[in-house]
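Remarks on the overall topology
Okay, here's what each chain looks like letter by letter:
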Amino acid sequence: MARWCYRHRLVVLLLWVGALFGLGAASSAAGTNYANVFSLPNTDSTTAYDLMEKAFPERAGDTDTVVWKADEGSVRDESVRSRIEPALEEIGRMKGVGEVTDPYVEQGAAQISRDGRIAYAQITFTEQANGVPKELIEDVVDTARAAERDGLQVELGGQAIARTQEPPQGTAEAVGILAAAVVLFLAFGSLFAMLLPIVVAIAGVGTGLIGTMLLSHVTDVPEVAPLLGSLIGLGVGIDYALFIVTRHRRGILRGMKPEESAVTALNTSGRAVLFAGGTVCIALAGMLVMNMRFLDGVVVATSLTVVLSVLAAITLLPALLGLLGMRVLSRRQRRRLAATGPEPAEASGLAARWSSYVQRRPRPVAALAVVVMALLAIPVLSLRLGATDQGNHQESQTTRQAYDLLAEGFGPGFNGPLQVVVEGDAPAGLVDTIRSTEGVAQVAAAPPANDVTVIQVVPTTSPQSEQTDRLIDRLRDDVIPQSGAEAHVGGVTAVFKDFASVTGERLPYFIVTIIALGFLLLLVAFRSLVVPLTAALMNLIAAAASFGVLVAIFQWGWGTELIGVGKEGPITSFLPVIMLSLLFGLSMDYQVFLVSRMHEEWVHTRDNARAVRVGLAETSRVINSAALIMICVFSAFVLSGDMEGAMAGIGLAAAVALDAFILRTALVPAAMHMLGNSNWWLPDWLEKRLPHLAVEPKEEPAAAVDEEEPVAAAGRSSVVHGFVRTADGDPIDGAAVTLLTKGGRQLDRVTSLADGSYIVSVPAPGAYLLATSAESYGSRAGQVVVTEGPLVYDVELAEGEVDAVN
């Protein structure tokens, strides 16, 4: 398929452009129909919600609030009323506004605080918040704020009002893409190569988001789903394209033609991308185990975006590679390739030196990594799930100011009232019993409607307070049962408390499910029991540390105002499920790319130390670049204007940083060095029963047959590997190691790494000549005889010795 896409690149490009424009036109015509269905089956708050819908079916529109405060005197003063009442009347006449409750009429006396300095009016729109035209909301805000004067503060709160504070749509995505572009340019040094992953990611995320808009008409998709879809889609889309483009560029630099290099890159890294994308989707699908309707739409949106990002990487990317040809390399690389010919593919530089250091000192490296992760995980012990609201907005925003004014004038619990819903008439004494309950500030019972009675209960504490949670338990467990009433406690605060309870109960099953699926995938891919066990443990460590960072920032408030995400509060109750799905999927990606290279080396050398060292040296740079891109993309979602999006962005950015720079670069290789050959242990009985799955097959060199050496013309390929050292045992970096036939024809040529290690490919068992040379050390040549297995052959060079090769 990669070759077809490469050769028919214009057709592929037209298909993708047509899909984007066609879906875009369809979504423009259909619009969106996002629905925040927070109800949970078989919970008390859901039952209360269903009864309230039965009682008040006509209250479909969003209700927002105008709050004002007089610094001196009372809000009843004529100087205040003369400014506020005309503004409320003007708002009431606006098209799209259904009703405005006026505190200055007889029925509105309760809307003025006891000290007379704060009052509020409720504005009920004819549509829900996401359906109210933004121009209407802005007119309401401007009209209300125009009533302000010195000594009179006017603020507005509510879901519709919050829309006026959102940054322009796409700001977070644009900033993330720009930051990713900088990282890609530094990694590739080529403008065209930098653009490739970004174009592929935009194509995948664009079609995914448009598809999500259309799906919102046939299933419940929450408003946060497209944000999470673009969050994960941009991250994986850019990273998957990065892995393939890196492999393609490496192939060209090694002397392959662009078409063959692209096909090989798709057949190797492309396979790994398919496997990695599948693991992300499986991890996301694990959310279905939670049986929360709200998460179903998140699974649909994020999985669709990941699938389309993978599709773009394996179809659109080879077409773009065909258009660019050699221009995927920088000008300097093209000039050097033309002047000096293909370069060796051996890793060198900082990555190779770090890999050698981890091999020499695995225990200190592992101990330091564990200590760092353990310290970062400590805050997770204080994790408290709940709900964020407008009290968590930034202090400068009018929604936060309105929230604080209502809390000041009517008590902290006024912003999160509870509803005790009774079928039929409320039993005598229930209202008085609730009023006398500890933690209750106000109680008001509405007349029965459609055979349902609603009792509004205002707690003495804020919606995010633990005392409010205890009040809900007290009402459900003691007060209501003792009254003999068939009543249920609802309201937004009760809904999120039920979410937190259900999440806590089902989270262990969810974690076990996604870990078991990941274990099975890695077991089949790498034919080992220890590798998937190590990966599972690392995923749990990464999750604990990343949630520790999340708690420290968003729950403890360490730097929330500094990064512009408002006031601290509990972690949103459904966020752990979403974050763990994404985290386990992304962690599996890095594990696959790292261990697949180690496994490839192990299969050919049966030397665990070399396999781990070479695997880390050759993959750490691309993994760290990919992680840096994801960190940029995820961190940019702090600018989304959505608290849940900011939490997910910061949490995932921390998780990716810790996973890539500490776990995969330090702890995993250090642990694998300490475990030795047991990394690759698999019982024979299990080996025979497991299906075979090639994640990233090795690019096998063509077996060269030399007429002069018939003994080397048949049999199985192998390798010669070892170290090039001085007489004192010091490693020699950059030594040229060449494998020749006895007739003098070159079969393979590499340069030694920073630790002096080398590996050359042998086409078949037989006798060969191995020549080694290094600047200032002369050269040395010797005959090697390769049998069925890999041959270890160390070379010692001395300064100033005779050039034995030339």
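Structure: above.
Treat the numbers as computed from the prediction; the structure is a model and nothing was measured.

**Quick notes on the overall build of the chain**
Regarding its fold elements, the chain presents 23 helices and 18 strands. Projected onto the principal axes, the alpha-carbon positions of the chain cover approximately 110 × 50 × 45 Å. Expressed as a percentage of its 806 residues, the buried residues of the chain come to 56%. Long-range pairs, those at least 24 residues apart, make up 77% of the contacts in the chain between residues at least 6 apart in sequence. Only carbon and sulfur atoms are counted for the fraction: they give 56% of the accessible area of the chain, which is about 33900 Å². Side-chain charges in the chain split into 59 positive and 83 negative, and the spacing between the mean points of these groups amounts to 9 Å.

**Some words on the nonpolar core**
Met 287, Leu 295, Phe 554, Tyr 590 and Phe 634 are the most contacted members of the largest nonpolar core, which has 160 residues in total. Here this core takes 19 residues from helix H22 (residues 643-675), the largest share from any one element. Not counting residues up to four positions away in its chain, the partners in contact with Tyr 590 are Asp 239, Phe 243, Ile 623, Ala 626, Ala 627, Met 630, Val 656, Asp 659, Ala 660 and Arg 664. Grouped together as the second largest cluster of nonpolar side chains are 30 residues, Trp 68, Val 141, Val 154 and Leu 156 included.

**Comments concerning the sheet that holds strand E2 (residues 97-101)**
Pairing in this open sheet of four strands is antiparallel, and the strands run E2-E3-E1-E4 from one edge to the other. Across the chains shown, the open sheet's two edge strands, defined by having one partner strand only, are E2 and strand E4 (152-157). Direction aside, neighbouring strands of the sheet carry axes that sit 20° apart on average. Its contacts with the sheet put helix H15 (residues 398-410) on strand E1 (63-70), strand E3 (118-125) and E4, and the angle it makes with E4 is roughly 110°.

**Section: helix H13 (residues 350-360)**
The complete set of buried residues in H13 reads Ala 351, Ala 352, Ser 355, Ser 356 and Val 358. The buried residues of H13 occupy an angular sector of 160° when projected down its axis, which confines them to one face. Seen from the buried face of H13, the exposed residues on the opposite side, beyond 90 degrees, are Leu 350 and Arg 360. Summarising the contacts, the buried residues of H13 are in contact with helix H14 (362-377), helix H21 (608-635) and H22.

**As for the sheet that holds strand E9 (residues 487-490)**
One open sheet accounts for four strands, arranged E7-E8-E6-E9; its pairing is antiparallel. If you trace the sheet from one side to the other, it starts and ends with strand E7 (440-445) and E9, each paired once. Neighbour-to-neighbour, the strand axes of this sheet turn through a mean angle of 20°, independent of strand direction. As paired elements, E7 and strand E8 (residues 452-459) share five bridges and run antiparallel to each other. Directly across from Gln 442, in E8, lies its bridge partner Val 458.

**Quick notes on the packing of aromatic side chains**
The final tally for this structure, using the stated rule, is eight aromatic pairs. Seen in terms of ring centroids, Tyr 120 and Phe 410 are 5.2 Å apart; in terms of plane orientation they differ by 85°. Their pairing is edge-to-face. With Tyr 120 in strand E3 and Phe 410 in helix H15, the pair connects residues that are 290 residues apart, well separated along the chain. Each of the two residues, Tyr 120 as well as Phe 410, counts as buried. Considering the side-chain rings of Trp 602 and Trp 680, the 5.8 Å spacing of their centres and the 15° angle between planes classify their relative orientation as stacked. You can see Trp 602 sitting in helix H20 (residues 575-605) and its partner Trp 680 sitting in the loop between H22 and helix H23 (684-689), a full 78 residues away along the chain. The class for Trp 680 is buried, based on a relative accessible area of 8%. Put simply, the rings of Tyr 120, Phe 410 and Phe 414 touch in pairs and so form one group of aromatic residues. Arg 327 extends its terminal NZ or CZ atom over the ring of Phe 192, reaching a point 5.5 Å from the ring centre.

**Overview of the environment of Val 458**
By the secondary structure assignment, Val 458 is in strand E8. The class of Val 458 is buried, set by a relative accessible area of 4%. Distance from Val 458 to Thr 726, taken between C-alpha atoms, is 81 Å for residues 268 residues apart in sequence. Not counting residues within four places of it along the chain, the set of residues in contact with Val 458 comprises Gly 413, Phe 414, Pro 417, Val 440, Ala 441 and Gln 442.

**Digging into a negative patch on the surface**
There is a patch of like negative charges on the surface, built from Glu 90, Glu 135, Glu 138, Asp 139 and Asp 142. Ranked by residues supplied to the negative patch, first place goes to helix H5 (residues 134-145) with four residues. You can see Asp 142 is positioned in helix H5. Take Asp 142: its relative accessible area is 52%, and that puts it in the exposed class.

**Examining the side chain of Gln 333**
Here Gln 333 shows up in helix H12 (residues 331-340). Accessibility expressed as a relative area gives 13% for Gln 333, which makes it buried. Ignoring any residue separated from it by four or fewer positions in sequence, one finds Gln 333 in contact with Phe 188, Arg 249 and Leu 253.

**A word on the packing of H20 against H21**
Across the interface, H20 lies against H21 with an axial gap of 8 Å and an inter-helix angle of 160°. Between H20 and H21, the interaxial angle falls into the category roughly antiparallel. As H20 runs across H21, the sense of the crossing is right-handed. A breakdown of the residues in the contact of H20 with H21 according to their chemical character gives 15 nonpolar, four polar and four charged.

Cut-offs and rules
- Residues numbered from 1 in each chain as written.
- Predicted model: local features only at pLDDT ≥ 70, side-chain atom pairs only at ≥ 80, totals over all residues.
- Heavy atoms only, no water.
- Helix = DSSP H or I, 4+ residues; strand = E, 2+ residues; numbered from the N terminus.
- Buried < 20%, exposed > 50% of the residue type's maximum accessible area, 1.4 Å probe, protein only.
- Contact = heavy atoms within 4.5 Å.
- Areas by Shrake-Rupley, 256 points an atom, 1.4 Å probe, with all protein chains shown as cover.
- Lys, Arg positive; Asp, Glu negative; His and termini not counted.
- Charge placed at Lys NZ, Arg CZ, Asp CG, Glu CD.
- Core = buried A, V, L, I, M, F, W, Y, C linked by side-chain atoms within 4.5 Å.
- Pairing = 2+ DSSP bridges.
- Axes fitted to C-alpha atoms, helices over the stretch in contact; angles between N-to-C directions.
- Arc of directions from axis to C-beta.
- Phe/Tyr/Trp six-rings, centres within 6.5 Å; stacked < 30°, edge-to-face > 60°.
- Lys NZ or Arg CZ within 6 Å of the ring centre and 35° of its normal.
- Patch = residues over 30% accessible without salt bridge, like charges linked within 9 Å, V, L, I, M, F, W, Y side chains within 5 Å.
- Salt bridge = Lys/Arg side-chain N within 4 Å of Asp/Glu carboxyl O.
- Parallel < 35°, antiparallel > 145°, perpendicular 65-115°, else oblique.
- Left-handed = near helix turned anticlockwise from the far one by under 90°.
- Nonpolar A, V, L, I, M, F, W, Y, C, P; charged D, E, K, R; others polar.

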